[in-house]
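Chains, contacts and geometry: an overview
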Amino acid sequence: MTSQLPGGALRAAALSRREALRGAALGAGALVLGGTLPAALSERAAARAHDAGAGARGGAAVVEGTAAASPWDEVPEILARIVPPAFPDRTFPITDYGAVGDNSTDCTAAFRNAIAACAAAGGGRVLVPAGTFRTGKIHLLSNVNLHVQGTIRFRTDPGSYLPPVFTRWEGIECHNYSPFIYANGKTDIALTGTGTIDGNAPAGEWSSWGGGGADRDRLRDWGADDHPVEQRVFGSGTKLRPNMIGLYNCTNVLVENLNLRNPAMWTLHPVYCTNVTVRNVTFYSTNSQGDGCNPDSCTDVHIHDCRFNTNDDCVPVKSGRDRDGRRVNRPSQNIVVRNCRFSGRWGGITVGSEMSGGVRKVFAEDCQCNAADFPGRYPVKYALYVKTSFNRGGFVEDVHLRRFTGRNLERDAVYITMNYETSGSIPPTVRNFTVDAMTVTGGRAAFNIDGRSARHIQNVTISNSTFTSMTNSGNIANNVDNLQLINVFHNGRDISTTNPPTGTRYEAENATVSQGVVESNHAGHSGTGFVNGDNVAGSFTEWTVGGSAGAATLRVRYANGTSANRAAAIAVNGVAVVASQSFSGTGAWTTWATTTLPITLNAGANTVRITANTANGNPNLDYIEVQQ
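My aim in this report is to walk through the structure given alongside it, one point at a time. (Residues numbered from 1 in each chain as written. Predicted model: local features only at pLDDT ≥ 70, side-chain atom pairs only at ≥ 80, totals over all residues. Heavy atoms only, no water.)

What follows is about the layout of surface pockets. Which parts of space are left empty comes out when a probe the size of a water molecule is rolled across the atoms. If you add up the space inside the largest pocket, you get close to 500 Å³. Forming the boundary of the largest pocket are 23 residues, of which N339, E365, D366, R403 and S580 lie nearest the centre. Only β48 (575-581) and β49 (593-601) provide two or more residues apiece to the lining of the largest pocket. With three residues, the top contributor of residues to the lining of the largest pocket is β48. (1 Å grid on protein atoms, 1.4 Å probe; cavity = no way out; pocket = protein on both sides within 12 Å on 5 of 7 lines; lining within 4 Å. Points joined across faces, edges and corners; volume = space filled by probe spheres on them. Helix = DSSP H or I, 4+ residues; strand = E, 2+ residues; numbered from the N terminus.)

Residue P163 follows L162 across a cis peptide bond; omega there is 5 degrees. Looking at the element boundaries, P163 is found in the loop between β10 (151-154) and β11 (165-169). Note the cis peptide between G352 and S353, where omega equals 0 degrees. The phi dihedral of N408 falls on the positive side, at around 55 degrees, and the residue is not glycine. Within the element layout of this structure, N408 appears in the loop between β32 (405-407) and β33 (412-417).

It is worth spelling out the packing of aromatic side chains at this point. One pass over the structure, following the stated rule, counts 20 aromatic pairs. Centroid distance W222 to F234: 5.6 Å. Interplanar angle 55 degrees. Geometry classified as tilted. Of the two residues, W222 sits in helix α5 (residues 213-224) while F234 sits in the loop between α5 and β16 (245-248), which places them 12 residues apart along the sequence. Taking the relative accessible area as the measure of exposure, W222 reaches 17% and is therefore buried. Between Y382 and Y385, the ring centres sit 4.6 Å apart and the planes meet at 40 degrees, which makes this aromatic pair tilted. Overall, the relative accessible area of 2% leaves Y382 in the buried class. Among the residues examined, Y385 registers a relative accessible area of 5% and is labelled buried. These aromatic residues form a ring-pair network of at least three members: F154, Y161, Y177, F180, W206 and W209. One residue, R609, lies across the ring of F540, its end atom 3.7 Å from the ring centre. (Phe/Tyr/Trp six-rings, centres within 6.5 Å; stacked < 30°, edge-to-face > 60°. Buried < 20%, exposed > 50% of the residue type's maximum accessible area, 1.4 Å probe, protein only. Lys NZ or Arg CZ within 6 Å of the ring centre and 35° of its normal.)

Per the counting criterion, the structure on display carries 34 salt bridges. Between D226 and R323 there is a salt bridge, with its nearest N and O atoms 2.9 Å apart. Here R323 lies in helix α6 (residues 322-328) and D226 lies in the loop between α5 and β16, a separation of 97 residues in the sequence. A salt bridge links D412 to R444, with the shortest nitrogen-to-oxygen separation between them at 2.9 Å. With D412 in strand β33 and R444 in the loop between β35 (439-443) and β36 (445-450), this pair connects stretches of sequence that are 32 residues apart. What you see here is one network of salt bridges that share partners, running through R338, E365, D366, R402 and R403. (Salt bridge = Lys/Arg side-chain N within 4 Å of Asp/Glu carboxyl O.)

This part takes up the sheet that holds strand β50 (residues 604-612). If you walk across this open sheet you meet the five strands as β42-β45-β50-β47-β48, and the pairing is antiparallel. Both edges of this open sheet fall to β42 (512-514) and β48, since each of them pairs with a single strand only. Ignoring strand direction, the axes of neighbouring strands in this sheet form an average angle of 20 degrees. Pairing between strand β45 (residues 540-547) and β50: eight bridges, direction antiparallel. The residue of β50 that forms the bridge with T541 is I610. (Pairing = 2+ DSSP bridges. Axes fitted to C-alpha atoms, helices over the stretch in contact; angles between N-to-C directions.)

Attention now moves to the pairing of strand β9 (residues 144-148). With respect to burial, β9 is a largely interior element, five of its five residues being buried. Where strand β6 (residues 124-128) and β9 come together, five bridges link them in parallel fashion. Residue pairing across strands places R125 opposite N145, the latter belonging to β9.

Let's shift gears to the state of the cysteines. The full count for this structure, using the stated rule, is zero disulfides. Free cysteine C250: the closest other cysteine sulfur is in C273, separated by 4.7 Å. Summary of cysteine pairing: C314 is not part of a disulfide, and the nearest cysteine sulfur, belonging to C369, is at 7.5 Å. A relative accessible area of 0% places C314 in the buried class. (Disulfide = S-S within 2.5 Å.)

This next bit is on empty space enclosed by the protein. Scanning the model with the defined rule gives five cavities of 30 Å³ or more in all. Counted as a void, the largest cavity has a volume near 80 Å³. Every residue lining the largest cavity is listed: R403, T405, A437, M438, T439, N464, Y558, Q581, S582, S584, T594 and T595. Here the residues of the lining of the largest cavity are counted per class, giving three nonpolar, eight polar and one charged. (Nonpolar A, V, L, I, M, F, W, Y, C, P; charged D, E, K, R; others polar.)

So this is what it looks like as structure tokens:
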């Protein structure tokens, strides 16, 4: 049974709240875990659950606990392991091997021979110069950087991608048409350059193949029956579309700066890979199944500063489908996504639905959904989309988002479901999610967390987040254990379920202000007023704060009644902590939001300065809080 949680219905009647909420214990996204509670806390938690009707009407249990160390503390260690490959200073232009960039000549042999020569020489760069080079399949070898300055445009005849090679098609292993660019078991490989890799798929028959039809059904039957993989052969006469770039069992992978366009289905598909960097890449797809970057049973992946204009999920993390995925049993783990822009038909950050091998430790921060200057063909439906079912089994755990902004979502900012398919008898484990400092203007609801009575979703914390212009008056939490809402506002209403811990508050009206004034004409501020900075780059507010040497959490309370992102630099003791902190619109000047970030303090006096990066100036600043 579903529990509808309107407006402030989850607010605990047993707890009085301060006039202005302080930020969350999660600061940088730390998970609040339930445990054995003191009697007084247990009573308050019980009162809160009773007032919300959550336990009786949908299985959503709200439990107070103690703050664990931030899961984000692990990210620097993950990133330290992810090192892009380096290549010898040797260049092999494909034109030296017979390629002609006239958008007509078949350059398949030229690519093959240039790559073979580069590998035989010990590695280097295979150069695709200016021009448009038509080709069939390209198979990479170890120590080769395929560097594209012009355009690679792929042939549209399916025969150019035969004979079949080992692949994983929608989470099930088989032998199928070669991905347009393919590697298996290679070390130190790269696709780089400022040019374009154009799958050219809409010009061929790929689109008419759809989702695979009878061939897809046959593959799923074979996966369910443990049919030998070497006998799961597709190819000539079959209709399972190949991915554009498929990299299998590879170590040390770099994809950088390119424009990737028009795949037959998934665009970039690393499978069973380790140490993968994808940076400053633009994805564009129009076919169905047109995903962006799909790390699939991969470990240590860094995707950053990319743009996704896709006909399906932007960054879907996968690990195999149903029985075949459980047979392979290789999770995706240690996935870090940063500073990306999402405009895609479904999810921004997605997990599943093929996740039977498990997914753990996915971190995404500082991303934008449906940015005004990057609208794309379709708006993102969900900023976070986790899709599992009782057919899949497996697990999804430790997924963390922070500092996401979005506008005009088609559906919910956060959607976590166990009902992507309603059949099956093998429940997945779905637990440990944090969403911190998310600001979304326009959508259906802040969250829809959709478990099952036979297996609940566990440990979901949303903190320091503001959702405005949402068409639903409330949110859904169905069969959820330990749902925490801390300093969360939905259409201007505080729907928090937990009082945040106390930090030391420093009001903006007591700070040093350059190019700004103290005002009190907008309701909801703390203290005697707030700082309204001038609309100029370089205006700032600076606080002097006390502390002990070590890590701390900084919380900034602000309002921005415009649609402009009033980005700012935040520095502690003159050292930049964040070069460009997003302060997107909160919906009104009377709607206050809180963003959090980790900082390091010295013993004694410290300075915290927020400086406007653009001519829009800073948002209105109410206060900062420092918690150690």
